[in-house]
Amino acid sequence: MNIIHVIGFALMLIGIWGMLTQKNMIKIILGLAIAETGVQLVMVAFGFIKGRTAPILDAAVPVKDAVDMIVDPVPQALVLTAIVIGVAVNALMLTFVIKLYQKKRSLSITEYKDLKW
Amino acid sequence: MIKKMFSFILIIFLFLILFELLNNLTENKKLSGVAKEYAERGAAELGTANLVTSIVVTYRGLDTLGEVSVLFIAATGVAVLLRRRKDEEILIQKVKRQSSEILQTGTDLLVPIIIMFGVYIFINGHLSPGGGFQGGAVIASAVLLSFLSDINYKINHTVFGLIESLSGVFYVLIGVLGIFLAGGFLDNRILPLGEYGTILSAGAIPLIYTLIGLKVGTELASIIDNMKRDSE
């Protein structure tokens, strides 16, 4: 357990809290983005090993000692993917908000009841 | 009010779950199985100094192809949703204010440097922290800066669309070439590995990352363009 895990979990909670309580659709998307950042932070922190360095094998990290000198590169690769997909999903969601706003001139989620039962 | 209480209770439960998880975390002491394998074999097998790159582009290359597809579909979705018919375009004519002298001069100075930095990031993806997605995002930020400084700035959609589609096609073609010339789909050893640690090494990885960088850069730029056009 270290400070990065705590910050990551806290960001997740803040983001989900924002998604649950906010009425403004842009703020809901921001809540999702904050929660996403928290998840990514936690994932990178899971791959961290104390006292080790980045998984780049250059002059400072000889290839034969690499196993004992680098942190786990797999979570970093996964987070790289997650960040890009997060950006794509956020852009698409904001586009939906633009479209909805043009229809009803309101950003409040309570105005949109078409799919509510 | 009841709704708010319900959210609060939900957050409390989530907090308890995460707290339990946090309390039972044990510190990592050594690499896990897959990571150990990559660390031992990655450099010699693929010739990449940056292990994250060798995982992203080669070992888990199919994931990256899926990631590029997700980004492409999202960009297409944004373009389709924000498409505007010809007659609507003429109706909206707002008076726009020219941006300040400082922003204009700063943009003229910085845009070439930012684009060059983006290219540097994706060309050195196999040697240093960086890669196609990061480089592409930096290039798109140069386009965003141009949009901010010049109210009449327009991107050339034909050129952007052409770059985007061609780099996507060539990325898949390089992947398919890997099946015939090397070990499998998206194998980078279709080109000679070269001298370890130089720019022209690691087989096809610099080529693949250049294509990804161009594709991501143009895609993000067109997302920005679509959103900007619609807010006018």
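Bear in mind the structure is a predicted one, so any value in this text is a computation, not a measurement.

Asks: Explain the overall build of chain A here, please?
Replies: Secondary structure summary: chain A contains four helices and zero strands in total. Secondary structure elements of chain A occur, N-terminal to C-terminal, as α-α-α-α. Counting every position in chain A, which comprises 117 residues, the buried fraction comes to 38%. A fraction of 53% describes how many contacts in chain A between residues 6 or more apart in sequence connect residues 24 or more apart. With an accessible surface of roughly 6,500 Å², chain A has 70% of that area assigned to carbon and sulfur atoms. When the 11 basic and 7 acidic side-chain charges of chain A are each reduced to a single mean position, those positions are 18 Å apart.

Asks: Explain the nonpolar core here, please?
Replies: Core analysis: the biggest nonpolar cluster contains 33 residues, and B:V56, B:Y171, B:I208 and B:I212 have the highest contact counts within it. Looking at this core, the elements that each hand over two or more residues are α4 (73-104) of chain A together with α3 (51-59), α4 (61-81), α7 (132-149), α8 (157-181) and α9 (205-231) of chain B. With eight residues, the single largest contributor to this core is α9(B). Setting aside residues no more than four positions away along its own chain, B:I212 makes contact with B:T64, B:G132, B:F133 and B:Y171. Counting 11 residues, the second largest nonpolar core, distinct from the first, contains A:I49, A:A66, B:A39 and B:L51.

Asks: What is the right way to look at the confidence of the model for chain A in this model?
Replies: Close reading of the predicted structure is inappropriate where its pLDDT is low. Here chain A shows a mean pLDDT of 86. Residues at 70 or above account for 98%. Within chain A, no element has a lower average pLDDT than helix α3 (residues 66-69) of chain A, which sits at 75, and none a higher one than helix α2 (residues 25-46) of chain A, at 92.

Asks: Would you explain a nonpolar patch on the surface in this entry?
Replies: On the surface, a cluster of nonpolar side chains totalling about 770 Å² of accessible area is made up of A:W17, B:F8, B:I9, B:I12, B:F13, B:F15, B:L16 and B:F19. Within the secondary structure layout, B:F8 lies in helix α1 (residues 2-23).

Asks: Explain the environment of B:A204 here, please?
Replies: Among the structural elements, B:A204 can be located in the loop between α8 and α9. Judged by its relative accessible area of 0%, B:A204 is buried.

Asks: How should α8(B) be read in this particular structure?
Replies: Side chains three or four residues apart in an α-helix point the same way, a direct result of the helix having 3.6 residues per turn. All names here are of chain B. For α8, which comprises 25 residues, the first-to-last C-alpha distance of 35 Å matches the rise-based estimate of 36 Å (1.5 Å per residue) to within 8%. All of the buried residues along α8 are F160, E164, S167, G168, Y171, I174, G175 and G178. For α8, the N-terminal capping position is held by N156, with its side-chain oxygen 3.2 Å away from the main-chain nitrogen of T158.

Asks: Sorry if this is basic, but what is going on with the packing of α4(B) against α8(B) here?
Replies: Residue and element names in this part refer to chain B. Following both chains from N to C, one finds α4 and α8 inclined at 160°, their axes separated by 12 Å at the closest point. Between α4 and α8, the angle falls in the class roughly antiparallel. As for the relative orientation of α4 and α8, their crossing is left-handed in sense. Counted together, G61, T64, L65, V68 and F72 of α4 and E164, Y171 and V172 of α8 form the full contact between these two elements. Taken together, the residues of the contact of α4 with α8 break down into five nonpolar, two polar and one charged.

Cut-offs used in this document
Residues numbered from 1 in each chain as written. Chains lettered and ligands numbered in written order. Predicted model: local features only at pLDDT ≥ 70, side-chain atom pairs only at ≥ 80, totals over all residues. Heavy atoms only, no water. Helix = DSSP H or I, 4+ residues; strand = E, 2+ residues; numbered from the N terminus. Buried < 20%, exposed > 50% of the residue type's maximum accessible area, 1.4 Å probe, protein only. Contact = heavy atoms within 4.5 Å. Areas by Shrake-Rupley, 256 points an atom, 1.4 Å probe, with all protein chains shown as cover. Lys, Arg positive; Asp, Glu negative; His and termini not counted. Charge placed at Lys NZ, Arg CZ, Asp CG, Glu CD. Core = buried A, V, L, I, M, F, W, Y, C linked by side-chain atoms within 4.5 Å. pLDDT = per-residue confidence, 0-100. Patch = residues over 30% accessible without salt bridge, like charges linked within 9 Å, V, L, I, M, F, W, Y side chains within 5 Å. Salt bridge = Lys/Arg side-chain N within 4 Å of Asp/Glu carboxyl O. Expected span 1.5 Å × (residues − 1). Polar contact = N/O pair within 3.5 Å; in protein donor to acceptor, adjacent residues only side chain to side chain. Axes fitted to C-alpha atoms, helices over the stretch in contact; angles between N-to-C directions. Parallel < 35°, antiparallel > 145°, perpendicular 65-115°, else oblique. Left-handed = near helix turned anticlockwise from the far one by under 90°. Nonpolar A, V, L, I, M, F, W, Y, C, P; charged D, E, K, R; others polar.

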